[in-house]
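Geometric and topological summary
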Amino acid sequence: MSANPFLDPKLVHGDLYRSSGRLADRTRALHKAKIAGRDAADVIVDLLAQRTPPGAIVLDIGCGRGTTTLRISDRLRPRRLIAVDASSALLATVRTRLAEASGTGSTICADFHHLPLPDAMADAAVAAFCLYHSPTPAAAVAEIARCLRPGGTAVLATKSLDSYTELDQLAQTADLDPDAVCRPSLYECFHSRNLVDIAATHLTVLDVLHEEHVFEFANVAHLARYLATTPKYRIRAAGGPAGLAAILRERLPAPPYLTRSTVSYALAARP
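Residues numbered from 1 in each chain as written. Predicted model: local features only at pLDDT ≥ 70, side-chain atom pairs only at ≥ 80, totals over all residues. Heavy atoms only, no water.

Some words on the pairing of strand β8 (residues 257-269)
A regular strand carries its side chains on alternate faces of the sheet. Selection criterion: Relative accessible area decides the class of each residue, using a 1.4 Å probe on protein chains only: under 20% of the type maximum gives buried, over 50% gives exposed, and in between gives partly exposed. In this description a helix means any DSSP run of H or I spanning at least four residues, a strand means any run of E spanning at least two, and both kinds are numbered starting from the N terminus. DSSP bridges decide pairing: two strands pair if at least two such bridges lie between them.
With 10 of 13 residues buried, β8 is to be regarded as a mostly interior element. Across 7 bridges, strand β6 (residues 148-159) lies against β8 in antiparallel orientation. Counted as the bridge partner of A154 is A268 from β8. Note: strand β7 (residues 204-217) against β8, 13 bridges, orientation antiparallel. Among the inter-strand pairings, V205 is bridged to a residue of β8, identified as A268.

This is how it looks when you write it as C-alpha cells:
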C-alpha cells in the first residue's frame, strides 16, 4: 500500500501544490456539492472575532488559496495580516485575490514547522486544513504558539478520519482504484479525534466545535471532476474527467452520490 500523499514531501511540494489549479478544481467541485454545513471560513472568523482585539496582527498559517485570508481581511480589518504557505504558487493566488478584493495583507513562503517570525509577535493565528500535512503536527502547533503573544488566540481546523469514505467505496466499485477502501485517511495525523490533544500540547483549548458537512454529487460529471483531483486514489483511467465520467456512468448505480465529513475547530490561546 502506498504512503499517505498528504505526508509525502515530494507530492506536497510537487504535483499537489505546484500550481493552484488542482486545489482550486477540487475545492470548487466539493463546494458545489455541499448541501449541509456552515462555511468554514465564516466559522473560523466568528471564532477569531470572539477574542481578537481591533488593530490586531493576525497570521494565516497554511493559507492555501487564501479563502480564510480574504475573510479575515474583510471582517476583522487587522492592522497587519500575514499569510504563510509552503507553496509559492498558492501565495501568488492569495496576493491576486487580496488585490482584487481591495484587501490588505502580506505573504511569506515558509514551512510551518519553522516560521521565520519573531516570538510573541501576533495577536491571533489560524491553521486551517493544513496541519494534517505534518507527520508531527504538535511541532507545528509549538511554532504557532511561539509566534503568539501570551493570551493570543489560535483557531485550528481539520476534518474527521472518515471524511468522504463513501467515495472510497464508489472508486473501488467502479474499479478506478481497487485498493480505495484500504488507503489511509488523508487526515490520519491531525483529525477530529486528536485535534484537542495535539492543540493542548502547547495551547490552552477554550472551545471545540464539530460540524457535519454533507455533499451530494448530482451526476457522474460532477463526481468525476472531484475524483480526478483527489490525491488519495490511484485512478486507472485515461481521458481526464470526461473519460472518468464515462467509466463512472457505466459502472456505478444512478446518481446522486452522497458523502460526509466532520469538520472540527479548536479555539485556543497561548498560556
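Examining the side chain of R65
Here is the rule we go by: Under this rule, positive means Lys or Arg and negative means Asp or Glu; His and the chain ends count for nothing. A pair is scored as a salt bridge if a Lys or Arg side-chain nitrogen falls within 4 Å of a carboxyl oxygen belonging to Asp or Glu. Contacts are assigned to residue pairs with any non-hydrogen atoms lying within 4.5 Å of each other.
Topologically, R65 is positioned in the loop between β2 (57-61) and α4 (67-76). No salt bridge is formed by the buried R65, whose closest oppositely charged neighbour, D25, lies at an N-O distance of 8.1 Å. Those residues in contact with R65 that lie beyond four places of it in its chain are S20, L23, A24, L90, T93, V94 and R97.

Regarding helix α2 (residues 21-33)
Each α-helix winds once per 3.6 residues, and so residues spaced three or four apart point in a common direction. In plain terms, the rule: Each helix should span, by expectation, one fewer than its residue count multiplied by 1.5 Å.
Compared with an ideal rise of 1.5 Å per residue, which puts 13 residues at 18 Å, α2 spans 18 Å between its outermost C-alpha atoms and is within 8% of the ideal. Three or more residues of α2 are buried, namely L23, A24, R26, A29, L30 and A33.

Observations regarding the nonpolar core
To keep it simple, the criterion reads: Working definition of a nonpolar core: buried Ala, Val, Leu, Ile, Met, Phe, Trp, Tyr and Cys residues. They are joined through side-chain atoms within 4.5 Å.
The biggest cluster of nonpolar side chains holds 63 residues, and the ones touching the most others in it are L156 and L248. In this structure, I44, L47, L81 and L267 belong to the second largest nonpolar core, which totals 18 residues.

Quick look at the packing of aromatic side chains
Defined as follows: Note on ring pairs: Phe, Tyr and Trp rings are taken, using the six-membered ring of Trp, and paired if centres are within 6.5 Å. Classes follow the plane angle, with under 30 degrees stacked, over 60 edge-to-face and the rest tilted.
Inspection of the entire model under this criterion finds 6 aromatic pairs. Relative to Y132, the ring of F6 has its centre 5.4 Å away and its plane inclined at 10°; by these criteria the two rings are stacked. You can see F6 sitting in the segment before α1 (9-12) and its partner Y132 sitting in the loop between β5 (122-128) and α6 (137-147), a full 126 residues away along the chain. Look at Y132 and you get buried, because its relative accessible area is 5%. Taken together, a centroid distance of 4.8 Å and an interplanar angle of 70° make the contact between Y132 and Y187 edge-to-face. A residue pair is termed long-range when its members are at least 10 positions apart, and Y132 in the loop between β5 and α6 and Y187 in the loop between α7 (165-173) and α8 (195-199) qualify at 55 residues. Each member of the pair, Y132 as well as Y187, carries the same accessibility label: buried.

Re the environment of P184
Mapped onto the fold, P184 is located in the loop between α7 and α8. A relative accessible area of 24% means that P184 is categorised as partly exposed.

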